[in-house]
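Overview (structure and organization)
Each chain, letter by letter, is given below.
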Amino acid sequence: MTSTVPRGSAGTKRKPVASGGATGRRERARGLGLRTRFRRDRTLVLMTLPVVVLLLVFNYVPILGNVVAFQDYDPYLSDNGFIAVFQSPWVGLDQFERVVQDAGFWHAVRNTFVLFLLQLVLFFPIPVALALLINSVVRPRVRAVAQAIMYLPHFFSWVLVVTVFQQIFGGAGVLAQALREHGHPGFDIMTDPAVFKYLVTAEMVWKDAGWGIIVFLAALAAVPHDLYEAAAMDGAGRWRRMWHITLPALRPVIALLLVLRVGDALTVGFEQFLLQRQAVGPDASEVLDTYVWWNGIRNQDFSYAAAAGLIKGVVGLSLVLVANKAAHLMGEQGVYKK
(Lines give C-alpha, C1' and ligand atoms only; values in the text may rest on other atoms or scores of the structure.)
Protein backbone atom coordinates (compact mmCIF):
# COMPACT_ATOMS: atom_id res chain seq x y z
CA MET A 1 0.00 0.00 0.00
CA THR A 2 1.56 3.25 -1.09
CA SER A 3 1.27 6.32 1.07
CA THR A 4 1.10 9.77 -0.39
CA VAL A 5 3.03 12.55 1.18
CA PRO A 6 0.91 15.64 1.56
CA ARG A 7 2.10 18.73 -0.24
CA GLY A 8 4.01 21.04 2.00
CA SER A 9 5.13 18.33 4.43
CA ALA A 10 8.71 17.71 5.54
CA GLY A 11 9.25 15.13 2.82
CA THR A 12 8.99 17.63 -0.03
CA LYS A 13 11.21 20.50 -0.97
CA ARG A 14 9.47 23.80 -1.34
CA LYS A 15 10.88 26.62 -3.44
CA PRO A 16 11.64 29.76 -1.49
CA VAL A 17 9.21 32.54 -2.12
CA ALA A 18 10.87 35.73 -3.22
CA SER A 19 9.91 38.65 -1.06
CA GLY A 20 8.23 41.39 -3.03
CA GLY A 21 8.12 45.12 -2.77
CA ALA A 22 10.89 47.58 -2.02
CA THR A 23 12.25 45.46 0.86
CA GLY A 24 12.70 42.47 -1.40
CA ARG A 25 14.43 44.54 -4.04
CA ARG A 26 16.84 45.97 -1.49
CA GLU A 27 17.63 42.50 -0.16
CA ARG A 28 18.30 41.18 -3.64
CA ALA A 29 20.44 44.24 -4.47
CA ARG A 30 22.65 43.56 -1.44
CA GLY A 31 23.44 40.14 -2.81
CA LEU A 32 24.59 41.51 -6.18
CA GLY A 33 28.16 42.50 -6.81
CA LEU A 34 29.24 45.97 -7.87
CA ARG A 35 30.01 44.83 -11.41
CA THR A 36 26.63 43.14 -11.77
CA ARG A 37 24.80 46.21 -10.51
CA PHE A 38 26.78 48.44 -12.85
CA ARG A 39 25.85 46.26 -15.83
CA ARG A 40 22.22 46.36 -14.79
CA ASP A 41 22.12 50.15 -14.26
CA ARG A 42 24.75 51.25 -16.78
CA THR A 43 22.19 53.26 -18.77
CA LEU A 44 21.21 55.31 -15.71
CA VAL A 45 24.87 55.73 -14.73
CA LEU A 46 25.76 57.04 -18.20
CA MET A 47 22.79 59.44 -18.08
CA THR A 48 23.93 60.94 -14.78
CA LEU A 49 27.63 61.05 -15.70
CA PRO A 50 27.49 64.49 -17.47
CA VAL A 51 25.71 66.01 -14.45
CA VAL A 52 28.33 64.58 -12.09
CA VAL A 53 31.13 65.98 -14.25
CA LEU A 54 29.51 69.43 -14.32
CA LEU A 55 29.10 69.41 -10.54
CA LEU A 56 32.72 68.41 -10.06
CA VAL A 57 34.10 71.00 -12.47
CA PHE A 58 31.95 74.00 -11.50
CA ASN A 59 31.00 73.29 -7.86
CA TYR A 60 33.68 71.20 -6.19
CA VAL A 61 36.96 71.90 -8.01
CA PRO A 62 36.65 75.70 -7.36
CA ILE A 63 36.50 74.92 -3.62
CA LEU A 64 40.24 74.25 -3.83
CA GLY A 65 40.72 77.94 -4.61
CA ASN A 66 39.78 78.81 -1.04
CA VAL A 67 43.39 78.10 -0.15
CA VAL A 68 44.21 81.69 -1.14
CA ALA A 69 42.27 82.84 1.93
CA PHE A 70 45.24 81.66 4.00
CA GLN A 71 47.80 83.36 1.73
CA ASP A 72 48.81 86.80 0.58
CA TYR A 73 47.91 85.82 -2.96
CA ASP A 74 49.53 87.80 -5.76
CA PRO A 75 48.56 86.67 -9.28
CA TYR A 76 51.48 88.64 -10.77
CA LEU A 77 54.10 86.40 -9.19
CA SER A 78 53.80 84.20 -12.25
CA ASP A 79 52.46 84.36 -15.77
CA ASN A 80 50.01 81.65 -14.74
CA GLY A 81 47.58 82.53 -11.95
CA PHE A 82 47.38 78.88 -10.92
CA ILE A 83 51.15 78.65 -10.49
CA ALA A 84 51.06 81.87 -8.46
CA VAL A 85 49.06 80.04 -5.79
CA PHE A 86 52.09 77.88 -4.99
CA GLN A 87 54.42 80.90 -4.97
CA SER A 88 52.33 83.16 -2.73
CA PRO A 89 53.37 83.39 0.94
CA TRP A 90 51.25 81.84 3.68
CA VAL A 91 49.81 84.23 6.27
CA GLY A 92 47.60 81.89 8.28
CA LEU A 93 44.48 83.58 9.68
CA ASP A 94 45.62 87.16 9.02
CA GLN A 95 43.05 87.67 6.24
CA PHE A 96 40.22 86.51 8.52
CA GLU A 97 41.37 88.95 11.20
CA ARG A 98 41.23 91.76 8.64
CA VAL A 99 37.70 90.77 7.69
CA VAL A 100 36.46 90.65 11.28
CA GLN A 101 38.04 94.03 12.10
CA ASP A 102 36.61 95.75 9.01
CA ALA A 103 33.56 97.90 9.75
CA GLY A 104 32.51 97.69 6.10
CA PHE A 105 32.13 93.93 6.40
CA TRP A 106 29.78 94.20 9.36
CA HIS A 107 27.80 96.90 7.57
CA ALA A 108 27.34 94.51 4.64
CA VAL A 109 26.32 91.73 7.05
CA ARG A 110 23.73 93.99 8.69
CA ASN A 111 22.25 95.00 5.31
CA THR A 112 22.19 91.37 4.22
CA PHE A 113 20.27 90.16 7.26
CA VAL A 114 17.82 93.08 7.14
CA LEU A 115 17.05 92.32 3.50
CA PHE A 116 16.78 88.60 4.21
CA LEU A 117 14.28 89.10 7.03
CA LEU A 118 12.27 91.52 4.92
CA GLN A 119 12.17 89.12 1.99
CA LEU A 120 11.27 86.23 4.28
CA VAL A 121 8.31 88.13 5.72
CA LEU A 122 7.06 89.84 2.55
CA PHE A 123 8.22 87.61 -0.29
CA PHE A 124 7.86 84.05 0.95
CA PRO A 125 4.09 84.06 1.80
CA ILE A 126 3.13 85.60 -1.56
CA PRO A 127 3.74 82.48 -3.73
CA VAL A 128 1.74 80.42 -1.22
CA ALA A 129 -1.19 82.86 -1.33
CA LEU A 130 -1.10 83.09 -5.14
CA ALA A 131 -0.93 79.30 -5.48
CA LEU A 132 -4.00 78.95 -3.25
CA LEU A 133 -5.78 81.63 -5.29
CA ILE A 134 -4.99 79.99 -8.63
CA ASN A 135 -5.89 76.55 -7.29
CA SER A 136 -9.34 77.85 -6.31
CA VAL A 137 -10.09 78.93 -9.89
CA VAL A 138 -12.52 76.45 -11.42
CA ARG A 139 -11.95 77.08 -15.13
CA PRO A 140 -8.70 75.42 -16.32
CA ARG A 141 -8.12 77.93 -19.13
CA VAL A 142 -8.24 80.91 -16.78
CA ARG A 143 -5.95 79.09 -14.36
CA ALA A 144 -3.39 78.33 -17.10
CA VAL A 145 -3.38 81.92 -18.40
CA ALA A 146 -2.95 83.39 -14.91
CA GLN A 147 -0.12 80.98 -14.10
CA ALA A 148 1.67 81.77 -17.38
CA ILE A 149 1.43 85.53 -16.81
CA MET A 150 2.82 85.25 -13.29
CA TYR A 151 5.60 82.88 -14.34
CA LEU A 152 6.78 84.94 -17.34
CA PRO A 153 8.93 87.49 -15.39
CA HIS A 154 11.06 84.61 -14.06
CA PHE A 155 12.75 84.45 -17.48
CA PHE A 156 13.62 88.17 -17.47
CA SER A 157 17.15 89.23 -16.64
CA TRP A 158 17.76 91.59 -13.74
CA VAL A 159 18.74 94.28 -16.22
CA LEU A 160 15.28 94.13 -17.77
CA VAL A 161 13.56 93.98 -14.37
CA VAL A 162 15.38 97.07 -13.08
CA THR A 163 14.66 98.86 -16.38
CA VAL A 164 10.92 98.13 -16.11
CA PHE A 165 10.82 99.47 -12.55
CA GLN A 166 12.85 102.51 -13.64
CA GLN A 167 10.34 103.30 -16.38
CA ILE A 168 7.47 103.07 -13.88
CA PHE A 169 8.81 104.38 -10.55
CA GLY A 170 11.81 106.46 -11.66
CA GLY A 171 12.02 110.25 -11.69
CA ALA A 172 11.13 110.28 -15.39
CA GLY A 173 8.82 107.29 -15.11
CA VAL A 174 5.18 106.96 -16.01
CA LEU A 175 3.81 107.60 -12.51
CA ALA A 176 5.99 110.65 -11.82
CA GLN A 177 5.08 112.25 -15.15
CA ALA A 178 1.37 111.58 -14.60
CA LEU A 179 1.55 113.29 -11.21
CA ARG A 180 3.36 116.31 -12.63
CA GLU A 181 0.76 116.70 -15.35
CA HIS A 182 -1.92 116.98 -12.67
CA GLY A 183 -0.03 119.52 -10.58
CA HIS A 184 1.52 117.20 -8.01
CA PRO A 185 5.25 117.02 -7.32
CA GLY A 186 6.96 114.00 -8.80
CA PHE A 187 8.99 111.39 -6.99
CA ASP A 188 11.93 109.12 -7.70
CA ILE A 189 11.77 105.86 -5.76
CA MET A 190 14.68 104.35 -7.68
CA THR A 191 17.20 106.76 -6.11
CA ASP A 192 15.78 106.90 -2.57
CA PRO A 193 18.03 104.96 -0.15
CA ALA A 194 15.31 104.93 2.53
CA VAL A 195 12.96 102.75 0.48
CA PHE A 196 15.62 100.74 -1.34
CA LYS A 197 15.08 97.57 0.70
CA TYR A 198 11.37 97.61 -0.08
CA LEU A 199 12.12 98.32 -3.73
CA VAL A 200 14.39 95.30 -4.19
CA THR A 201 11.87 93.11 -2.36
CA ALA A 202 9.12 94.25 -4.75
CA GLU A 203 11.41 93.51 -7.71
CA MET A 204 12.08 90.02 -6.38
CA VAL A 205 8.37 89.37 -5.81
CA TRP A 206 7.52 90.40 -9.36
CA LYS A 207 10.32 88.34 -10.87
CA ASP A 208 10.35 85.10 -8.86
CA ALA A 209 6.88 84.69 -7.33
CA GLY A 210 5.78 82.69 -10.37
CA TRP A 211 8.49 80.11 -9.77
CA GLY A 212 7.27 79.51 -6.22
CA ILE A 213 3.70 79.20 -7.48
CA ILE A 214 4.68 76.21 -9.64
CA VAL A 215 6.26 74.43 -6.68
CA PHE A 216 3.22 74.88 -4.44
CA LEU A 217 0.75 74.02 -7.21
CA ALA A 218 2.63 70.75 -7.75
CA ALA A 219 2.20 69.98 -4.05
CA LEU A 220 -1.51 70.85 -4.21
CA ALA A 221 -2.01 68.55 -7.21
CA ALA A 222 -1.06 65.58 -5.02
CA VAL A 223 -3.90 66.23 -2.53
CA PRO A 224 -6.73 63.71 -3.10
CA HIS A 225 -10.03 65.34 -4.06
CA ASP A 226 -11.83 62.80 -1.89
CA LEU A 227 -10.66 64.70 1.16
CA TYR A 228 -12.30 67.91 -0.07
CA GLU A 229 -15.51 66.06 -0.97
CA ALA A 230 -15.66 64.34 2.41
CA ALA A 231 -15.04 67.62 4.23
CA ALA A 232 -17.71 69.37 2.17
CA MET A 233 -20.22 66.62 2.98
CA ASP A 234 -19.41 67.10 6.68
CA GLY A 235 -20.29 70.78 6.35
CA ALA A 236 -16.81 72.31 6.12
CA GLY A 237 -16.72 75.57 4.22
CA ARG A 238 -14.06 76.79 1.82
CA TRP A 239 -11.90 78.44 4.49
CA ARG A 240 -12.13 75.45 6.82
CA ARG A 241 -11.16 73.07 3.98
CA MET A 242 -8.21 75.29 3.19
CA TRP A 243 -7.10 75.41 6.83
CA HIS A 244 -7.46 71.68 7.59
CA ILE A 245 -6.61 70.10 4.19
CA THR A 246 -4.74 72.45 1.87
CA LEU A 247 -2.31 74.06 4.29
CA PRO A 248 -1.34 70.75 5.99
CA ALA A 249 -0.63 69.35 2.52
CA LEU A 250 1.69 72.30 1.81
CA ARG A 251 3.42 72.11 5.18
CA PRO A 252 6.27 69.72 4.13
CA VAL A 253 7.03 71.80 1.03
CA ILE A 254 6.92 75.05 3.01
CA ALA A 255 9.30 73.59 5.62
CA LEU A 256 11.72 72.41 2.93
CA LEU A 257 11.74 75.77 1.11
CA LEU A 258 12.15 77.63 4.39
CA VAL A 259 15.22 75.55 5.24
CA LEU A 260 16.72 76.25 1.82
CA ARG A 261 15.84 79.94 2.10
CA VAL A 262 17.52 80.19 5.50
CA GLY A 263 20.59 78.60 3.93
CA ASP A 264 20.60 81.43 1.39
CA ALA A 265 20.22 84.07 4.09
CA LEU A 266 23.62 85.55 3.21
CA THR A 267 22.93 85.38 -0.54
CA VAL A 268 20.19 87.93 -1.07
CA GLY A 269 21.40 88.82 -4.55
CA PHE A 270 24.31 90.18 -6.52
CA GLU A 271 23.37 91.47 -9.95
CA GLN A 272 20.21 93.13 -8.66
CA PHE A 273 22.16 95.17 -6.09
CA LEU A 274 25.15 95.84 -8.32
CA LEU A 275 22.93 97.39 -10.99
CA GLN A 276 21.40 99.83 -8.49
CA ARG A 277 24.49 100.51 -6.40
CA GLN A 278 25.33 103.79 -8.08
CA ALA A 279 21.75 105.11 -7.86
CA VAL A 280 21.30 104.68 -4.09
CA GLY A 281 24.90 104.46 -2.88
CA PRO A 282 26.81 101.65 -1.14
CA ASP A 283 25.39 102.43 2.31
CA ALA A 284 21.96 101.18 1.27
CA SER A 285 22.90 98.57 -1.37
CA GLU A 286 26.06 96.95 0.00
CA VAL A 287 25.50 93.25 0.78
CA LEU A 288 27.97 90.43 1.24
CA ASP A 289 28.00 89.40 -2.42
CA THR A 290 28.74 92.91 -3.65
CA TYR A 291 31.23 93.42 -0.82
CA VAL A 292 33.20 90.33 -1.84
CA TRP A 293 33.07 91.33 -5.51
CA TRP A 294 34.15 94.91 -4.82
CA ASN A 295 37.16 93.88 -2.75
CA GLY A 296 38.14 90.88 -4.80
CA ILE A 297 37.60 92.07 -8.38
CA ARG A 298 37.68 95.86 -8.26
CA ASN A 299 40.37 96.21 -5.58
CA GLN A 300 42.12 92.93 -6.58
CA ASP A 301 42.49 91.92 -2.94
CA PHE A 302 41.80 88.28 -3.75
CA SER A 303 42.87 86.73 -0.46
CA TYR A 304 40.76 89.15 1.57
CA ALA A 305 37.70 88.50 -0.62
CA ALA A 306 38.26 84.74 -0.41
CA ALA A 307 38.36 84.93 3.38
CA ALA A 308 35.11 86.91 3.47
CA GLY A 309 33.48 84.46 1.06
CA LEU A 310 34.66 81.50 3.12
CA ILE A 311 33.15 83.00 6.27
CA LYS A 312 29.90 83.48 4.40
CA GLY A 313 29.90 79.85 3.22
CA VAL A 314 30.57 78.43 6.68
CA VAL A 315 27.83 80.57 8.26
CA GLY A 316 25.40 79.61 5.49
CA LEU A 317 26.09 75.89 6.02
CA SER A 318 25.57 76.31 9.77
CA LEU A 319 22.24 78.03 9.17
CA VAL A 320 21.10 75.14 6.95
CA LEU A 321 21.98 72.60 9.65
CA VAL A 322 20.22 74.60 12.37
CA ALA A 323 17.11 75.17 10.22
CA ASN A 324 17.00 71.51 9.24
CA LYS A 325 17.24 70.49 12.90
CA ALA A 326 14.36 72.83 13.70
CA ALA A 327 12.33 71.21 10.90
CA HIS A 328 12.99 67.79 12.46
CA LEU A 329 11.80 69.04 15.85
CA MET A 330 8.56 70.21 14.20
CA GLY A 331 8.02 66.76 12.69
CA GLU A 332 9.07 67.61 9.13
CA GLN A 333 11.72 65.93 7.00
CA GLY A 334 13.58 69.06 5.89
CA VAL A 335 16.45 68.71 3.47
CA TYR A 336 17.42 65.26 4.70
CA LYS A 337 16.01 62.72 7.14
CA LYS A 338 17.24 62.20 10.68
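First, a word on scope: everything that follows refers to the structure included in this document.

Cut-offs used in this document
- Residues numbered from 1 in each chain as written.
- Predicted model: local features only at pLDDT ≥ 70, side-chain atom pairs only at ≥ 80, totals over all residues.
- Heavy atoms only, no water.
- Helix = DSSP H or I, 4+ residues; strand = E, 2+ residues; numbered from the N terminus.
- Buried < 20%, exposed > 50% of the residue type's maximum accessible area, 1.4 Å probe, protein only.
- Contact = heavy atoms within 4.5 Å.
- Areas by Shrake-Rupley, 256 points an atom, 1.4 Å probe, with all protein chains shown as cover.
- Core = buried A, V, L, I, M, F, W, Y, C linked by side-chain atoms within 4.5 Å.
- Salt bridge = Lys/Arg side-chain N within 4 Å of Asp/Glu carboxyl O.
- Axes fitted to C-alpha atoms, helices over the stretch in contact; angles between N-to-C directions.
- Parallel < 35°, antiparallel > 145°, perpendicular 65-115°, else oblique.
- Nonpolar A, V, L, I, M, F, W, Y, C, P; charged D, E, K, R; others polar.

**Concerning the overall build of the chain**
- Check the secondary structure of the chain and you find 18 helices and 0 strands.
- Residues classed as buried in the chain amount to 30% of the 338 residues present.
- If you take every contact in the chain between residues at least 6 apart in sequence, the share linking residues at least 24 apart comes to 61%.
- When the accessible surface of the chain is totalled, it reaches about 22,100 Å², and 65% of it is carbon and sulfur.

**Things to note about the nonpolar core**
- Core analysis: the largest hydrophobic core is formed by 20 residues, its most contacted members being Leu-115, Phe-196, Val-268 and Phe-273.
- For this core, the secondary structure elements donating two or more residues are helix H6 (103–122), helix H9 (158–169) and helix H11 (196–221).
- Broken down by element, the residue count for this core peaks at 6 residues, all from H11.
- Other than its neighbours up to four places away in sequence, Leu-115 contacts Lys-197, Val-200, Val-268, Phe-273 and Val-287.

**A short note on the pattern of salt bridges**
- Per the stated rule, a full pass over the model turns up 5 salt bridges.
- Between Arg-40 and Asp-41 there is a salt bridge; the shortest N-O distance is 3.1 Å.
- Taking the relative accessible area as the measure of exposure, Asp-41 reaches 26% and is therefore partly exposed.
- Asp-301 serves as the salt-bridge partner of Arg-98, at 2.8 Å between the closest nitrogen and oxygen. Taken as a pair, Arg-98 in helix H5 (residues 94–101) and Asp-301 in the loop between helix H17 (288–298) and helix H18 (302–329) lie far apart in primary sequence, 203 residues in all.
- For Arg-98, a relative accessible area of 39% gives the class partly exposed.

**Section: the packing of helix H7 (residues 125–135) against helix H8 (residues 140–151)**
- Where H7 meets H8, the axes come as close as 10 Å, and the angle between the chain directions of the two elements is 160°. Taken together, H7 and H8 sit at an angle that is classed as roughly antiparallel. Across the interface between the two elements, Leu-130, Ile-134 and Asn-135 from H7 touch Arg-143, Gln-147 and Met-150 from H8.
- Looking at the contact of H7 with H8, its residues break down into 3 nonpolar, 2 polar and 1 charged.

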